[in-house]
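The lines below spell out each chain.
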Amino acid sequence: MRKKIIIGTRSSKLALWQAEFVKAELQKLYPVINIELNKIKTTGDKILDVPLAKVGGKGLFVKEIEEALLREEADIAVHSMKDVPTEFPDGLHLAVICKREDPRDVLISRIQGSGFEIRNFTSIPHKAKIGTSSLRRSCQLLNIRPDLIIEQLRGNVDTRIRKLDEGRYDAIILAAAGVKRLGLSHRITEFLSFEVSLPAIGQGAIGIECRKHDEFINKLILPLNHAETAICVSAERAFLKKLEGGCQVPIAAHAVFENTDSISLEGLVGSISGNRIIRGNKKGSISDSEKIGIELAEDILQRGARAILNEVYGR
């Protein structure tokens, strides 16, 4: 047995929480192994003044960590699943998906006295400034409330909440999972329903990537895989892959177990302005999770999503 394992991770507070979580779980299983973190700055961490969609989106938060894996400067990489592209460099693969945290988006408004300045989504004032850097979120919000002013918001969770508190936005939208993991649940004004904001692919789940042929590591991390989450996320990722979607297109999907042997997948593709959203749902056996994702993507493409994608990629 190897005596030391290195985890490749981004250095943001949330990424470190995730890496420390994986480290603690492994340490419980293998107390004799020394586990270290290799903190790596990714392109996505360096470029903070440009919307993600304009920088290319795909792989911005994983590329440098994958390079460290290939150079054997890390044995495993811990990622937020929503940052992980559907294609992997030769020699690497997604070995484990951990149990998913709450997948929903949340509305966060400023605290005023003993309550919130804006109580919930339905009471957001006319022409309010909403902070988000996600086209997926802005598309869905504008579809319901075309009057809203969407303002770019980048940076880690703390930074985003600080900017809200400084008065730059009336409210911001974040992923519930990150807010909860950082112990900031008291800041959540409202959990948004999937009707208002369908989540990003893999939202709330942590993925572990490693070298395909490193048998020791693959075997070592396998107990951390959560079968139910892995099946649901595989359906969502198959949907995304079939659409060839990146950060430049508003795409959302979320799968849930209907019962012990079937899942239900909901997905959508929207225009950047939010004036068009093509939404669909597909159910099927858990053994066909990827097939369900592909079939739902094909259905949505036929019903108008292809025109939206062509328009976006034509820009």
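As a reminder, the structure under discussion sits directly above these lines.
Since the structure is predicted, the reported quantities are computational estimates derived from the model, not experimental observations.

## Observations regarding the overall build of the protein chain
Move 1: The helix and strand inventory of the protein chain stands at 10 helices and 15 strands.
Move 2: For the protein chain, the C-alpha radius of gyration of 19 Å lies close to 20 Å, the compact-globule estimate for 315 residues.
Move 3: Expressed as a percentage of contacts within the protein chain between residues at least 6 apart in sequence, the contacts between residues at least 24 apart total 69%.
Move 4: Counting every atom, the protein chain has about 14200 Å² of accessible surface; 50% of that belongs to carbon and sulfur.

## Describing the sheet that holds strand β12 (residues 206–211)
Move 1: Sheet architecture is open: 5 strands sit in the order β2-β1-β3-β12-β4, paired in mixed fashion. Every interior strand has two partners, whereas the edge strands, β2 (34–39) and β4 (92–97), have only one. On average, each strand axis in the sheet is tilted by 30 degrees relative to the strand beside it, whichever way the strands run.

## Some details on helix α6 (residues 157–165)
Every α-helical turn comprises 3.6 residues, leaving residues that sit three or four positions apart pointing alike.
Move 1: Listing the buried residues of α6 in full gives Val157, Thr159, Arg160, Ile161, Lys163 and Leu164.
Move 2: If you follow the buried residues of α6, they end up packed against β5 (105–109) and β10 (171–175).
Move 3: Looking one or two residues past α6, Gly167 carries a phi angle of roughly 90 degrees, positive in sign.

## Some points on the packing of aromatic side chains
Move 1: Under the counting rule described, the total for this entry stands at 1 aromatic pair.
Move 2: Ring centres 5.6 Å apart and planes at 5 degrees place the aromatic pair Trp17 and Phe21 in the stacked group. One end of the pair, Trp17, and the other, Phe21, are both in helix α1 (residues 13–29), 4 residues apart, so they sit about a helical turn from each other.
Move 3: Owing to a relative accessible area of 33%, Trp17 belongs among the partly exposed residues under this scheme.

## What about the environment of Leu14?
Move 1: Structurally, the position occupied by Leu14 is in helix α1.
Move 2: The buried category is assigned to Leu14, whose relative accessible area is 19%.
Move 3: In sequence terms Leu14 and Leu182 are 168 residues apart; their C-alpha atoms lie 6.7 Å from each other.
Move 4: Excluding its chain neighbours within four sequence positions, the residues that come into contact with Leu14 are Gly178, Arg181 and Leu182.

## Looking at the pattern of salt bridges
Move 1: Taken as a whole and assessed by the stated rule, the structure comprises 28 salt bridges.
Move 2: Here Arg71 ties to Glu73 by a salt bridge, and the two come within 2.9 Å at their closest N and O atoms.
Move 3: Among the residues examined, Glu73 registers a relative accessible area of 35% and is labelled partly exposed.
Move 4: With a closest N to O distance of 3.2 Å, Arg303 and Asp299 form a salt bridge. With Arg303 and Asp299 both in helix α10 (residues 289–313), this residue pair falls 4 residues apart, about one helical turn.
Move 5: Linked by salt bridges that have partners in common, Arg2, Asp75, Arg211 and Asp214 make up one network.

## Description of the side chain of Ser134
Move 1: Within the secondary structure layout, Ser134 lies in the loop between β8 (129–131) and α5 (135–144).
Move 2: Here the side chain of Ser134 touches Arg136 through a polar contact of 3.3 Å, landing on its backbone nitrogen.

## Notes on helix α4 (residues 63–70)
Move 1: When α4 is considered as a whole, its buried residues turn out to be Glu64, Ile65, Glu66, Ala68 and Leu69.
Move 2: Residue Glu72 follows α4 closely and has a positive phi angle near 65 degrees.

## Quick word on the nonpolar core
Move 1: Core analysis: the biggest nonpolar cluster contains 24 residues, and Phe239, Leu243, Ile251, Leu265, Val269 and Ile300 have the highest contact counts within it.
Move 2: In terms of residue count, the dominant contributor to this core is α10 (9 residues).
Move 3: The residues contacting Phe239, other than those within four sequence positions of it, are Ile251, Ala252, Ala253, Leu265, Gly267, Leu268, Gly293, Ile294, Leu296, Ala297 and Ile300.
Move 4: In this structure, Val22, Ala95, Ile206 and Cys210 belong to the second largest nonpolar core, which totals 20 residues.

Definitions and limits used
- Residues numbered from 1 in each chain as written.
- Predicted model: local features only at pLDDT ≥ 70, side-chain atom pairs only at ≥ 80, totals over all residues.
- Heavy atoms only, no water.
- Helix = DSSP H or I, 4+ residues; strand = E, 2+ residues; numbered from the N terminus.
- Rg over C-alpha atoms; globule rule 2.2 N^0.38 Å.
- Contact = heavy atoms within 4.5 Å.
- Areas by Shrake-Rupley, 256 points an atom, 1.4 Å probe, with all protein chains shown as cover.
- Pairing = 2+ DSSP bridges.
- Axes fitted to C-alpha atoms, helices over the stretch in contact; angles between N-to-C directions.
- Buried < 20%, exposed > 50% of the residue type's maximum accessible area, 1.4 Å probe, protein only.
- Phe/Tyr/Trp six-rings, centres within 6.5 Å; stacked < 30°, edge-to-face > 60°.
- Salt bridge = Lys/Arg side-chain N within 4 Å of Asp/Glu carboxyl O.
- Polar contact = N/O pair within 3.5 Å; in protein donor to acceptor, adjacent residues only side chain to side chain.
- Core = buried A, V, L, I, M, F, W, Y, C linked by side-chain atoms within 4.5 Å.

Shape is all these values report; function is a separate question.
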